[in-house]
Amino acid sequence: MSTNPAPICPKFIPAEGGGNINSTSKFEGIRFSLVSYNILAQVYVRSALYPHSPSACLKWKNRSDAVLTVLKSFGADFLCLQELDNEDFYKGNMETEGYSSLYIQRSGQKRDGCGIFYKISCAELLVEDRIYYNELVNSIKDGSSCGDDQNNTLAGGNNDSDLKSSSWSKKDSRDHGDLNDPYVRLKRDCVGIMAAFRLKGPFDHVVIVATTHLYWDPELADVKLAQAKYLSSRLAEFRTQVSDRYDCVPSVIVAGDFNSVPGDKVYQYLTLRCPKSATLVECIEEYPIPLCSVHASTRGEPRFTNCTPDFTDTLDYIFFSPSDRIKPVSILELPDADSPSVVGCLPNYYHPSDHIPIGAEFEITKD
């Protein structure tokens, strides 16, 4: 009797190459790990959408068991999940592993959402907040925007991204209406969630963890950019509130599926450094919270994080606010493009989602 292959459970490897993440050298700061994973909502799983996938690995029982196996194997202190449906199932199973969780469902009739799972032994939840990108419609109503050119861009579209239509185009068809109408164009039902945690360690440190899933359509690249600007603005506001309330300087980590390849406008905006010619006020207004990509700052962005017959490229990222106190010391190992585990594309028995997980371990040093 044949048995199906077990899912691959990647391990953390040194971020810079070489070295040993289990080094015996004494570290007196705080160390914690975070994994981001678009687990592919079961509501979107149909054999017609994934004809290349073995039918058995698409069934809920097999997929849910495989996803749980992978999630538990990380032992991560934080899990940022996108396309999370059947939330009660994952919540109940991860509670037995010592996790508590936060969840936000997508707007409208969408049945999936984003979640943050955190180990109670590692972190204490202080406060949370939610991001509904449909609120961007209000920026049209009151004449404000998250960028000077947002309203103009939304009226005409902006196809600057190299992102191709993938199975997402089948999973999430556009809402009916005139896409030249900014009210229709902006209402994509996407969400995010952010929370402040006090890390448990030899000294007090607060970290803000956020996760989100931006809109997929390459023909609405302007909407994705508007969402990225709104995310950045809301993160900056939340950081200020947390800083004032808890008298701290929190680190910020935002992870998720940004549906944007390296180098396109969303990626450039989120990681852009303010030009030297700009004033401090101009920098804060245009780029309210500077971020750095974990992978770009270490081994380079992955060759891919999404792998389907129509599209294989990098869409998922872990960004953090750079400072002298925080640095990534290890990352989750990634499959090579010619690895047998990804040949034929995803999902399959080795990878229960059409995305692969990404992760990082961070070290925090004392002031």
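Below or above, wherever it landed, is the structure these notes cover. Source: prediction; values computed, not measured. (Residues numbered from 1 in each chain as written. Predicted model: local features only at pLDDT ≥ 70, side-chain atom pairs only at ≥ 80, totals over all residues. Heavy atoms only, no water.)

## A closer look at the sheet that holds strand 10 (residues 292-293)
A sheet is described by the order of its strands in space; here six strands give the open sequence 6-7-8-9-13-10, paired in mixed fashion. If you trace the sheet from one side to the other, it starts and ends with strand 6 (123-132) and strand 10, each paired once. Summarising the sheet, strand 8 (residues 205-213) and strand 9 (residues 251-257) pair through seven bridges and their orientation is parallel. Bridging across to strand 9, A210 finds its partner in V254. (Pairing = 2+ DSSP bridges. Helix = DSSP H or I, 4+ residues; strand = E, 2+ residues; numbered from the N terminus.)

## Topic: the packing of helix 2 (residues 60-74) against helix 3 (residues 87-95)
Running from N to C, helix 2 and helix 3 point in directions that differ by 40 degrees, and their axes come no closer than 11 Å. One finds that helix 2 runs oblique with respect to helix 3. The hand of the helix 2/helix 3 crossing is right-handed. Touching W60, S64, V67, L68, L71 and K72 of helix 2 are F89, Y90, N93 and M94, all from helix 3. Taken together, the residues that form the contact of helix 2 with helix 3 break down as seven nonpolar, two polar and one charged. (Axes fitted to C-alpha atoms, helices over the stretch in contact; angles between N-to-C directions. Parallel < 35°, antiparallel > 145°, perpendicular 65-115°, else oblique. Left-handed = near helix turned anticlockwise from the far one by under 90°. Contact = heavy atoms within 4.5 Å. Nonpolar A, V, L, I, M, F, W, Y, C, P; charged D, E, K, R; others polar.)

## Remarks on the sheet that holds strand 1 (residues 12-14)
Reading across the sheet, the seven strands line up as 1-14-15-2-3-5-4 and stay open at both edges, with mixed pairing between neighbours. The sheet is open, and its two borders are formed by strand 1 and strand 4 (99-105), each paired with just one other strand. Neighbour to neighbour, the strand axes of the sheet diverge by 25 degrees on average, direction disregarded. Pairing analysis gives five bridges linking strand 2 (residues 30-38) to strand 3 (residues 78-84), with the strands arranged parallel. Bridged to Y37 within strand 3 is L81.

## Some words on the packing of aromatic side chains
For the structure on display, the rule yields 15 aromatic pairs. An angle of 90 degrees between the planes, with centres 6.2 Å apart, marks the rings of W60 and Y90 as edge-to-face. With W60 in helix 2 and Y90 in helix 3, this residue pair connects regions lying 30 residues apart in the sequence. For W60, a relative accessible area of 29% gives the class partly exposed. (Phe/Tyr/Trp six-rings, centres within 6.5 Å; stacked < 30°, edge-to-face > 60°. Buried < 20%, exposed > 50% of the residue type's maximum accessible area, 1.4 Å probe, protein only.)

## Points about the side chain of D316
Tracing the backbone shows D316 in strand 13 (residues 316-320). Owing to a relative accessible area of 3%, D316 belongs among the buried residues under this scheme. Engagement of the side chain of D316 in a polar contact is seen with the side chain of T305, the distance being 2.5 Å. A distance of 2.8 Å separates the side chain of D316 from the side chain of H355, its partner in a polar contact. Among residues more than four places away in sequence, those in contact with D316 are N38, Q82, G256, D257, T305, H355 and I358. (Polar contact = N/O pair within 3.5 Å; in protein donor to acceptor, adjacent residues only side chain to side chain.)

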